[in-house]
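Structure at a glance
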Amino acid sequence: MTQDIKRALEESGAPAREFWENDLEMALEHVLVRSSQDGFIDEWIGRRTGRQISVLCENIGVDGTGSVRRKKDALRSFGNSALIPYLLVDQFAKYKSKVATVDFATGVLTEEVLEICRINEEDFDKTALLFSIYHRQSSYLRLVFHLDKIHKTGFARMILKGKARRPKETFQEFLKPKTVKSILASFDKAKGDGRISEFKDVVVYDNHYLVFIRRAERPDLILRASGVVHGYRPEWIILDFADGAKRVNISSVSVSVPLEIANRLASGYFGKSCEYENESQVTYAKQLERFIGKIKDGETAELPLVEVVVSNSPLDGSPKMKITDPDSNPIGNAIRHFEKAVGGILSDIENIESIKVHYKKKRISLIFEKVEDANGEYVVRYSDHRLNALERRPFEDYLRKIHGIPVLSTEKRFKR
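What counts, and where the lines are drawn
- Residues numbered from 1 in each chain as written.
- Predicted model: local features only at pLDDT ≥ 70, side-chain atom pairs only at ≥ 80, totals over all residues.
- Heavy atoms only, no water.
- Core = buried A, V, L, I, M, F, W, Y, C linked by side-chain atoms within 4.5 Å.
- Buried < 20%, exposed > 50% of the residue type's maximum accessible area, 1.4 Å probe, protein only.
- Helix = DSSP H or I, 4+ residues; strand = E, 2+ residues; numbered from the N terminus.
- Contact = heavy atoms within 4.5 Å.
- Arc of directions from axis to C-beta.
- Axes fitted to C-alpha atoms, helices over the stretch in contact; angles between N-to-C directions.
- Parallel < 35°, antiparallel > 145°, perpendicular 65-115°, else oblique.
- Left-handed = near helix turned anticlockwise from the far one by under 90°.
- Nonpolar A, V, L, I, M, F, W, Y, C, P; charged D, E, K, R; others polar.
- 1 Å grid on protein atoms, 1.4 Å probe; cavity = no way out; pocket = protein on both sides within 12 Å on 5 of 7 lines; lining within 4 Å.
- Points joined across faces, edges and corners; volume = space filled by probe spheres on them.
- Phe/Tyr/Trp six-rings, centres within 6.5 Å; stacked < 30°, edge-to-face > 60°.
- Lys NZ or Arg CZ within 6 Å of the ring centre and 35° of its normal.
- Patch = residues over 30% accessible without salt bridge, like charges linked within 9 Å, V, L, I, M, F, W, Y side chains within 5 Å.
- Areas by Shrake-Rupley, 256 points an atom, 1.4 Å probe, with all protein chains shown as cover.
- Salt bridge = Lys/Arg side-chain N within 4 Å of Asp/Glu carboxyl O.
- Pairing = 2+ DSSP bridges.

Counting 56 residues, the largest nonpolar core has W20, L75, L88, I133 and L141 as the members making the most contacts within it. The element that contributes the greatest number of residues to this core is helix α7 (residues 84-93), accounting for seven residues. Leave out the neighbours within four places in its chain, and L88 touches L9, W20, M26, L28, V31 and L32. Counting residues in hydrophobic clusters, the runner-up holds 33 residues, among them I335, F338, V357 and I405.

Given below as structure tokens:
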């Protein structure tokens, strides 16, 4: 089967198996076995949208004039081999963020190609875009694969402890693959757990430098026809450096390992021992009281209040209580009715465990984290993973500029 897959990829002109299975983490065997079955490619062509068909004709060199049906017939008569790479790209497209795809595509594709893939003024055919991205440069799929992750995960916001003088070398110049790989190898040796931190890429995004690292996280297994295969579950660590490495946002499953790696990279860059700590920005109780009063009374149409959880309700026994609307309708009237009938629930910020607001058709949690040994001081954190990377900054800017409330991710990282 290995030789069959190799031959199929070579004949189609697609990248080698390593690219699809290792870089893009796609299983090839099942897809390619199905593609060899009689009628499968014909059916696959039949399921393509008109935009996808137009892109395929353009990329492969098939006459793209006439109706969509005529174009599909032309593709069917062209031969299966040329379509194999696009069959794989179609598989790759599954579960990939449209936001990440469109964001990347608009930077590398021509206006003419973008128009072919456009559904309307605000939307695109994601798979058609990926067909075009692949045709432009197959290695671009690796970048889409990486950028997809930043739109689906929350990031712990961290800042450098103390002061560090910036070297003459820029952080971008420091982040050479050879340098990063050397620091990761040193970390793995010191860690001594037998796991490898694999450097995958450095991507510049919105003036940030994102370092992508894949590492074995915990023992796991997969079930194959030949039996169980033991190994490790992969963890993707994303280190999002900004402000000349004075700040880093961390996305990961594990808590301590990513922070230790970030500390080592910063230490290597600044030439001294460096550590990051969780960022903390204070909001005062009076500010939060005003904010909650406004969203409860419906004064902020942009952020309707849709859920409140209080840890010490006025009911007998002071149980935890949640008032929520699953359809994300505002609950201000319900809260006022409850407070009139039973007692206040929003007057004491310390008793509010969390609230949810509705933003960009998503329910966003806000948590008021009390600052230790401080009176009436809180850090407001939110579920940033619910928003994609393009939505987070406008949300944070709105709360800071309109309500004077700085918000940080609920994600945190600690050394062990």
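Following the structure, the description resumes.
Considering the arrangement of structural elements, one finds Q91 in helix α7. Each C-alpha atom of the pair Q91 and L28 lies 9.4 Å from the other, and the pair is 63 residues apart in sequence. With residues up to four places along the chain from it excluded, the contact list for Q91 reads M26 and V31.

Listing the buried residues of helix α6 (residues 68-78) in full gives K71, K72, A74 and L75. All buried residues of α6 fall inside an arc of 160° around its axis, so they share one side. Turned more than 90 degrees from where α6 packs its buried face, R69 and S77 sit exposed. Tucked into the core, α6 has its buried residues touching α4 (40-46) and α5 (50-60). Trailing α6 by a residue or two, G79 shows a phi angle of about 120°, which is positive.

With that out of the way, let us pick up the packing of α7 against helix α10 (residues 126-136). In contact at an axis separation of 9 Å, α7 and α10 are set at 130° when each is read in the N-to-C sense. By the angle between their directions, the pair α7 and α10 is classed as oblique. When you trace α7 past α10, the crossing you get is right-handed. In this structure, α7 uses P85, Y86, V89, D90, F92 and A93 to contact α10, whose residues at the interface are K126, T127, L130, F131, Y134 and H135. Its residues placed into classes, the contact of α7 with α10 shows eight nonpolar, two polar and two charged.

Here we take up the layout of surface pockets. In this structure, the largest pocket spans a volume of roughly 780 Å³. As for the largest pocket, its lining consists of 26 residues, and the residues nearest its centre are R157, H208, N249, R393 and E396. Contributions of two or more residues to the lining of the largest pocket are made by β3 (156-160), β5 (208-224), β6 (227-242), β7 (247-251), α17 (389-403) and β15 (407-409). When the residues that make up the lining of the largest pocket are grouped by side-chain class, the tally is 12 nonpolar, three polar and 11 charged.

Summed over the entire model, instances satisfying the criterion amount to 15 aromatic pairs. Both rings, one in W44 and one in F131, keep their centres 6.3 Å apart while their planes meet at 55°; by these two values the pair is tilted. Taken together, the residues span a long stretch of sequence, with W44 in helix α4 and F131 in helix α10 at a distance of 87 residues. Each member of the pair, W44 as well as F131, carries the same accessibility label: buried. Residues F104 and Y140 carry aromatic rings whose centres are separated by 5.3 Å and whose planes lie at 75° to one another, so their mutual orientation is edge-to-face. In this pair, F104 is assigned in helix α8 (residues 98-108) and Y140 in helix α11 (residues 140-150), connecting sequence segments 36 residues apart. By relative accessible area, F104 is classed as buried at 12%. Over the face of the ring belonging to F92 we find K96, whose NZ or CZ atom lies 4.6 Å from the ring centre.

One can describe the packing of α5 onto α10 by two numbers: an axis separation of 8 Å at closest approach and a directional angle of 15°. With respect to each other, α5 and α10 are oriented roughly parallel. In this structure, α5 meets α10 at a crossing whose hand is left-handed. On the side of α5, the interface is formed by R51, Q52, V55, L56 and N59, while α10 contributes T127, A128, F131, S132 and H135. Residue composition of the contact of α5 with α10, grouped by class: four nonpolar, five polar and one charged.

A few words now on a nonpolar patch on the surface. A contiguous nonpolar patch, built from L221, L223 and V228 and spanning about 310 Å² of accessible area, is present on the exposed surface. Mapped onto the secondary structure, L223 falls in strand β5.

Looking now at the sheet that holds β6. Overall, antiparallel pairing links the six strands, which are arranged β4-β5-β6-β7-β3-β8 in an open sheet. The outermost strands of the open sheet, each flanked by one partner alone, are β4 (197-205) and β8 (276-278). Recorded for the sheet is a direction-independent mean angle of 30° between the axes of neighbouring strands. Relative to β8, β3 is paired through three bridges, and the arrangement is antiparallel. Of the residues in β8, the one forming a bridge with L160 is Y276. Across the face of the sheet, helix α13 (residues 177-191) comes into contact with β4 and β5 while running at roughly 140° to β4. With respect to the sheet, helix α14 (residues 257-270) is in contact with β3, β4, β5, β6, β7 and β8, its orientation differing from that of β6 by roughly 45°.

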